[in-house]
Amino acid sequence: MKNKILVTGGAGYIGTHTCIALHQAGYDIVIYDNLSNSSREAINRVSQLIDVSIDFIEGDIRDAKRLREVFEAHQFFGVIHFAGLKAVGESVAKPLMYYNNNVSGTINLLEVMAEYKVKKFVFSSSATVYGDPEVLPIDENSPRSCTNPYGQSKLTVEHILENLAVSDNDWNLITLRYFNPVGAHPSGQIGEDPNDIPNNLMPYISQVAVGKLAKLNIFGNDYPTVDGTGVRDFIHVTDLAAGHVAALNYLEDQTSAVGFLPINLGTGKGSSVLELVTAFTKVSGQKIPYQFTDRRAGDIASCYASADKAQSLLGWQAKLSIADMCEDTWRWQSMNPNGYKA
Ligand code: NAD
Ligand code: WQD
């Protein structure tokens, strides 16, 4: 029998790509999502791409009753937990909403998992837990600190998972720290669909390229980097999706529980904002007008991963290039200028 996985937040950007990869790797999936930042259309498109009707439950991770119904109805091998709010600026304005959703929601989910003795958990953490790194590349033992409520909510969940692993040896709590996920499915059918004006660089660039936004503001050109603009470890979302499959495969192979296990998912290479703009211009053939503005509050100069642990433990490594990331983003954006909205 195939192992069944509960995917919270599976209708979202990273969740949809991961569901495709999970299906292709032979897992059965059940998506649990409240659609607060996603749409049924995204799930329809995943169904079409894998040619299987998706088991989707509309529900909130803070709703224990609903979660229990789901755990009663299905026998899960484990849970991949994407559900959460992710906008840094919004988290500063609405900290209670972020802690409630991301921290209380995760505690609720873990409690229900414990009740049903499902103790394999893959958590979406973020490179943001490393704050402003002292040493590059960043490995998993680097000091952690956060300044905004979004990052703090991720770090708090990490601490909770560490405590949980100490309290009970049966838990397997793989914490994947994503660097900067970008790109889209090569079909052009699914991709990132921000509700509003994008906060993140890649969707902003692609909306300028497609003519929805006039000009990119580049936040600072006086960082101590190759060209003065910020440097990040951009990783293709399908590589990231494969990282989740590798994490589950790893758990299938273990004979004893792994406890709390943090793993970076990045390429190990940094690219600057200007380098990304140049690459996007080349693959899309579109002009990307830009201007330099002040640094954005809270931004750091450079951030890129040591991806050695993912390779040695999971046998996973990112394969796709910056050109692939731009090409797939552009295909998604130009085929769906309004995202999933008709
Ligand atoms: P997303 O917003 O596209 O997906 C998150 C999904 O969770 C959405 O479909 C949303 O409707 C759902 N959701 C939110 N709150 C929920 C709740 N209370 N109950 C049920 N469903 C809920 O975001 P994404 O980019 O796919 O990110 C997935 C996860 O990865 C998030 O936890 C995010 O914090 C984390 N992460 C994202 C990035 C990034 O840059 N995209 C980087 C690092 C970590
Ligand atoms: C990348 C670079 C900006 C927009 C954020 C979260 C982090 C994680 C990933 C969830 C920076 C510059 C951006 C723009 C710009 N998310 N930029 N103009 O800040 O590295 O990380 O997303 O966990 O937690 O903080 O990503 O894409 O916003 O910025 O110049 O319009 O692009 O200054 O150097 P960031 P980003």
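Everything numeric here is computed off the predicted structure, so don't read it as measured data.

Asker: Just give me the short version of helix α3 (residues 64-73), but keep the residues and values in it.
Answerer: Among all positions of α3, only Ala64, Leu67, Val70 and Phe71 are buried. All buried residues of α3 fall inside an arc of 120 degrees around its axis, so they share one side. Away from its buried face by more than 90 degrees, α3 exposes Lys65, Glu72 and Ala73. Those residues of α3 that are buried lie in contact with β1 (4-8), β2 (28-33), β3 (55-58), β4 (78-81) and α5 (95-115). Between a side-chain oxygen at the N-terminus of α3 and the backbone nitrogen of Lys65 the separation is 3.3 Å; the capping residue is Asp63.

Asker: Help me get a handle on the packing of aromatic side chains, residues and values and all.
Answerer: Enumeration over the complete set of coordinates arrives at 7 aromatic pairs. Seen from their ring centres, Phe71 and Tyr116 are 5.7 Å apart, and the 35 degrees between their planes marks the pair as tilted. On the criterion of sequence distance, the pair formed by Phe71 in helix α3 and Tyr116 in the loop between α5 and β5 (120-126) is long-range, its members being 45 residues apart. Given the relative accessible area of 24%, Tyr116 is considered partly exposed. Measuring from centroid to centroid gives 5.6 Å for Tyr290 and Phe292, while their planes differ by 65 degrees, and the two rings are edge-to-face. The exposure class of Tyr290 is partly exposed, given its relative accessible area of 38%.

Asker: Now, about the pairing of β2: what can you tell me, with residues and values included?
Answerer: Most of β2 is tucked away, with 5 of its 6 residues classed as buried. Direction of pairing for β1 relative to β2: parallel, over a ladder of 5 bridges. Each residue of the ladder has a partner; that of Ile5, found in β2, is Ile29. Taken together, β1, helix α1 (residues 13-24) and β2 form a β-α-β motif whose crossover is right-handed. As defined by bridge partners, β2 adjoins β3 across 4 bridges and the pair is classed as parallel. Counterpart to Asp33 in the pairing with β3 is Glu58. Assessed by its sense of winding, the connection that carries the chain from β2 through helix α2 (residues 40-50) to β3 is right-handed.

Asker: Go over the pattern of salt bridges with me, naming the residues and quoting the values.
Answerer: On inspection of all chains with the given rule, the structure shows 16 salt bridges. Where Arg66 meets Glu69, a salt bridge forms, and the shortest distance between an N and an O atom there is 3.2 Å. Here Arg66 pairs with Glu69, and both are found in helix α3, just 3 residues apart, close to one helical turn. For Glu69, a relative accessible area of 38% translates into the label partly exposed. Residues participating in the shared-partner salt-bridge network are Arg144, Glu158, Glu162 and Arg177.

Asker: Go over the site of ligand 2, please, and point to the residues and values.
Answerer: Residues in close proximity to ligand 2 total 18 residues, the closest being Tyr150, Leu201, Asn217, Arg232 and Asp299. In this structure, Tyr150 approaches ligand 2 through a side-chain N or O atom, which is 2.5 Å from an oxygen atom. At 2.5 Å, a side-chain N or O of Arg232 approaches an oxygen atom of ligand 2. Those elements that place two or more of their residues in the shell around ligand 2 are α7 (201-209) and β8 (216-219). Looking at the shell around ligand 2 element by element, the count peaks at 4 residues for β8.

Criteria and thresholds
- Residues numbered from 1 in each chain as written.
- Chains lettered and ligands numbered in written order.
- Predicted model: local features only at pLDDT ≥ 70, side-chain atom pairs only at ≥ 80, totals over all residues.
- Heavy atoms only, no water.
- Buried < 20%, exposed > 50% of the residue type's maximum accessible area, 1.4 Å probe, protein only.
- Helix = DSSP H or I, 4+ residues; strand = E, 2+ residues; numbered from the N terminus.
- Arc of directions from axis to C-beta.
- Contact = heavy atoms within 4.5 Å.
- Polar contact = N/O pair within 3.5 Å; in protein donor to acceptor, adjacent residues only side chain to side chain.
- Phe/Tyr/Trp six-rings, centres within 6.5 Å; stacked < 30°, edge-to-face > 60°.
- Pairing = 2+ DSSP bridges.
- Right-handed = clockwise from strand over helix to strand, strands pointing away.
- Salt bridge = Lys/Arg side-chain N within 4 Å of Asp/Glu carboxyl O.
- Near = heavy atom within 4 Å.

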